[in-house]
Amino acid sequence: MEENNRYTYWKRPWARWMLLLASALEFVVLFLNVREYQEVSAAAGVIFTSGGWEKYAASQQLRCALNGILGGFFLGVFLIGTFCKSARAAHFWEGVLQLTVGLSYFAADWLTQGSAGKFSCILLVLSVVFGAHSFYQSKKKTSSQE
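Residues numbered from 1 in each chain as written. Predicted model: local features only at pLDDT ≥ 70, side-chain atom pairs only at ≥ 80, totals over all residues. Heavy atoms only, no water.

Caption draft 1: Representation of the overall build of the chain. When helices and strands are tallied, the chain shows 6 helices and 0 strands. For the chain, the α and β elements follow one another from N to C terminus as α-α-α-α-α-α. Buried positions account for 30% of the 146 residues belonging to the chain. Taking the intrachain contacts of the chain between residues at least 6 apart in sequence as the baseline, contacts between residues at least 24 apart amount to 73%. (Helix = DSSP H or I, 4+ residues; strand = E, 2+ residues; numbered from the N terminus. Buried < 20%, exposed > 50% of the residue type's maximum accessible area, 1.4 Å probe, protein only. Contact = heavy atoms within 4.5 Å.)

Given below as C-alpha cells:
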C-alpha cells in the first residue's frame with residue numbers, strides 16, 4: 001500500500017510541463033493550419049488545377065488530423081502522469097491511449113483517401129502491439145501484487 005502512495009510517473013519534475021507545452025503548441029499549429037486551409041480554399045480555383053487542389057486538400061486535412069492527434073496524445077500522457085497513482089493504472093491507460101492514437105491515425109488516413117499510404121497500417125500494427133503490451137503489463141502488476 002505504501003508503494004502506491006509514493007508512485008510517480010515522472011522521472012524528471014519538468015517533464016509533465018514539457019508535455020503540456022507540446023500539447024498546447026500542437027493545438028496552436030492545428031488552429032494555424034485550419035486558418036491557412038480556409039484562406040487557400042477561398043482562392044483554390046485561381047491557385048490550383050482541380051487535381052492539384054484535391055492533392056493539397058487531402059495533405060492539409062491529414063496534417064490537421066495529425067496535429068489534433070498529437071496534441072491529444074501529449075495531453076493524454078500529461079493526464080495519465082498527473083492522475084495515475086499506481087504503475088498498474090498508468091500501464092492500463094497508456095494502452096488505451098496507444099490504441100486510441102493508432103485507430104485515430106488510421107481513421108484519419110482512411111478519411112483523407114490514404115495520403116500516408118502503408119505508414120498508417122504500420123502505425124496501426126505498432127499501436128496494437130504496444131497497446132497490448134501495456135495492457136499485459138497492467139495485468140502482470142496486478143497478479144504480482146496479489
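Caption draft 2: Broad picture of the nonpolar core. Counting residues in each nonpolar core, the largest one holds 15 residues, and the members touching the most others are L19, I69, I80 and L97. Secondary structure elements with two or more residues in this core: α2 (15–42), α4 (50–83) and α5 (87–111). Take this core: its biggest share by element is 6 residues, from α4. Non-local contacts of L97, meaning those with residues more than four positions away in its chain, are made with G72, F73, G76, V77 and I80. Judged by nonpolar contacts, the second largest core, of 5 residues, contains V40, A44, Y56 and A57. (Core = buried A, V, L, I, M, F, W, Y, C linked by side-chain atoms within 4.5 Å.)

Caption draft 3: Seen up close, the packing of aromatic side chains. Scanning the entire structure with this criterion turns up 7 aromatic pairs. Ring centres of Y9 and W10 lie 5.2 Å apart, and the angle between their planes is 80°; on these two criteria the pair is classed as edge-to-face. For W10, a relative accessible area of 10% puts it in the buried group. When the ring of W53 is compared with that of Y56, the centres are 5.7 Å apart and the planes differ by 35°; the resulting orientation is tilted. A residue pair is termed a helical-turn pair when its members lie 3 or 4 positions apart in one helix, as W53 and Y56 do in helix α4 at 3 residues. Its relative accessible area of 15% is what places Y56 among the buried residues. (Phe/Tyr/Trp six-rings, centres within 6.5 Å; stacked < 30°, edge-to-face > 60°.)

Caption draft 4: Region of interest: α5. With 25 residues, α5 ought to run about 36 Å at 1.5 Å a step, and its terminal C-alpha atoms sit 36 Å apart, in line with that. For α5, the set of buried residues is A90, E94, G95, L97, V101, G102, Y105, A108 and D109. One or two steps after α5, the chain reaches Q113, where phi turns positive at roughly 60°. (Expected span 1.5 Å × (residues − 1).)

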